[in-house]
Amino acid sequence: MIYLRLFWEFFKTGLFAVGGGMATLPFLKNIGLSTGWYSQTALMNMLAVSESTPGPIGINMATYVGFTVCGVPGAVIATVGEVAPSIIVILIVAAMLAKFRESRLVSNALYGLRPASSGLIAAACIDVALQVLLHIGSTTADGALLKEFASFGSRNWRGLVLAAVLIVFTNFVKPTKKWHPIIFIGISAVVGIVFHFGGV
C-alpha cells in the first residue's frame, strides 16, 4: 500500500506541476504536510541540493523520499511516478501537435498554460523566500502571520544579506554579471560552511 501511495503522490506532482522544477514546489510542500514523510526544512534543504546538482527538484525529491520511506524499491517507484506523466503527456502532445499544428484552439490552450506556470513558480518563490529568509513556515496560522512579520528576531539576517549580495553581483556588477551560476552556488556553499562553523 505504501508503494502505491508513493507512486500516486509523485504521479500527481508530475502530472499537474506544469512549468518545470520550481513549479513542483507547491505540490511537494503539500506532500510533506499531508503525509509527514519529510519536514518543510528537509524540502528547503533538498531544494538547495537540487539547485546545485544536476536534475530537477521533483525527481530528486521523489528519489530521496522514496528511499527514506521504503529503501531502493521506494526510490524507484516514486521516481517512476514522478516522470511517468511527463512521458505520457509528451507522447500524446507530440501526436496531437503533428495533427493539429495549425489549430487556433491548441495554440490558445498552450498560451493559457503560460500564466498558470508563472503563477506556480511565483508562489514557490514567495514560499521559499518567506520560509528561508524570514522563517515564516507554511504551517503558520493566519492570525500569527502578522506577528511573525513584526518579530525582528525571526528574520534570517545572514540569508537576507547573502541574498542581497547575490542580487547585486548577478545583476549590477558588470564583471560578475557574466559569471556562470555554478560559481555563485559554490561561493554560497563556502559562505554557508564558514557561517556555520564560525558561529556567525
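The rules behind each value
Residues numbered from 1 in each chain as written. Predicted model: local features only at pLDDT ≥ 70, side-chain atom pairs only at ≥ 80, totals over all residues. Heavy atoms only, no water. Helix = DSSP H or I, 4+ residues; strand = E, 2+ residues; numbered from the N terminus. Expected span 1.5 Å × (residues − 1). Buried < 20%, exposed > 50% of the residue type's maximum accessible area, 1.4 Å probe, protein only. Contact = heavy atoms within 4.5 Å. Salt bridge = Lys/Arg side-chain N within 4 Å of Asp/Glu carboxyl O. Axes fitted to C-alpha atoms, helices over the stretch in contact; angles between N-to-C directions. Parallel < 35°, antiparallel > 145°, perpendicular 65-115°, else oblique. Left-handed = near helix turned anticlockwise from the far one by under 90°. Phe/Tyr/Trp six-rings, centres within 6.5 Å; stacked < 30°, edge-to-face > 60°.

**As for helix α3 (residues 40-51)**
Since the α-helix packs 3.6 residues into each turn, any two residues three or four apart lie on the same face.
Thought 1: The end-to-end C-alpha distance of α3, which contains 12 residues, comes to 16 Å, matching closely the 16 Å that a straight helix rising 1.5 Å per residue would cover.
Thought 2: Those residues of α3 not exposed but buried are Gln40, Ala42, Leu43, Met44, Met46, Leu47 and Ser50.
Thought 3: Close packing links the buried residues of α3 with α2 (25-35), α4 (57-99) and α5 (104-133).

**Description of the pattern of salt bridges**
Thought 1: For the coordinates displayed, the defined rule picks out two salt bridges.
Thought 2: Here Glu9 ties to Arg5 by a salt bridge, and the two come within 3.5 Å at their closest N and O atoms. Here Glu9 pairs with Arg5, and both are found in helix α1 (residues 2-16), just four residues apart, close to one helical turn.
Thought 3: Note on Glu9: relative accessible area 8%, which makes it buried.
Thought 4: Its salt-bridge partner being Lys12, residue Glu9 comes within 3.6 Å of it at the nearest N-O pair. Linking Glu9 with Lys12, this pair stays in helix α1, spanning three residues, or about one helical turn.

**Some thoughts on the packing of α1 against α2**
Thought 1: Contact geometry of α1 with α2 gives a least axis separation of 10 Å together with a crossing angle of 155 degrees. Taken as axis vectors, α1 and α2 run roughly antiparallel relative to one another. You can see that α1 and α2 cross each other, and the crossing is right-handed. On α2, the residues touching Arg5, Glu9, Phe10, Thr13 and Phe16 of α1 are Phe27, Leu28, Ile31, Ser34 and Thr35.

**Description of the packing of aromatic side chains**
Thought 1: Considering all chains together, one arrives at three aromatic pairs under this definition.
Thought 2: For the pair Phe7 and Phe11, a centre-to-centre distance of 5.6 Å together with 25 degrees between the ring planes defines the contact as stacked. Taken together, the residues span about one helical turn, with Phe7 and Phe11 both in helix α1 at a distance of four residues.
Thought 3: Look at Phe7 and you get partly exposed, because its relative accessible area is 28%.
Thought 4: Using a relative accessible area of 17% as the deciding quantity, one classes Phe11 as buried.
Thought 5: Between Trp179 and Phe184 the ring centres are 5.6 Å apart and the planes differ by 35 degrees, which places this aromatic pair in the tilted class.
Thought 6: Overall, Trp179 belongs to the partly exposed group, its relative accessible area being 39%.
Thought 7: Phe184 gets classed as buried once you look at its relative accessible area, which sits at 11%.
Thought 8: Members of the aromatic cluster, joined through ring pairs, are Phe7, Trp8 and Phe11.

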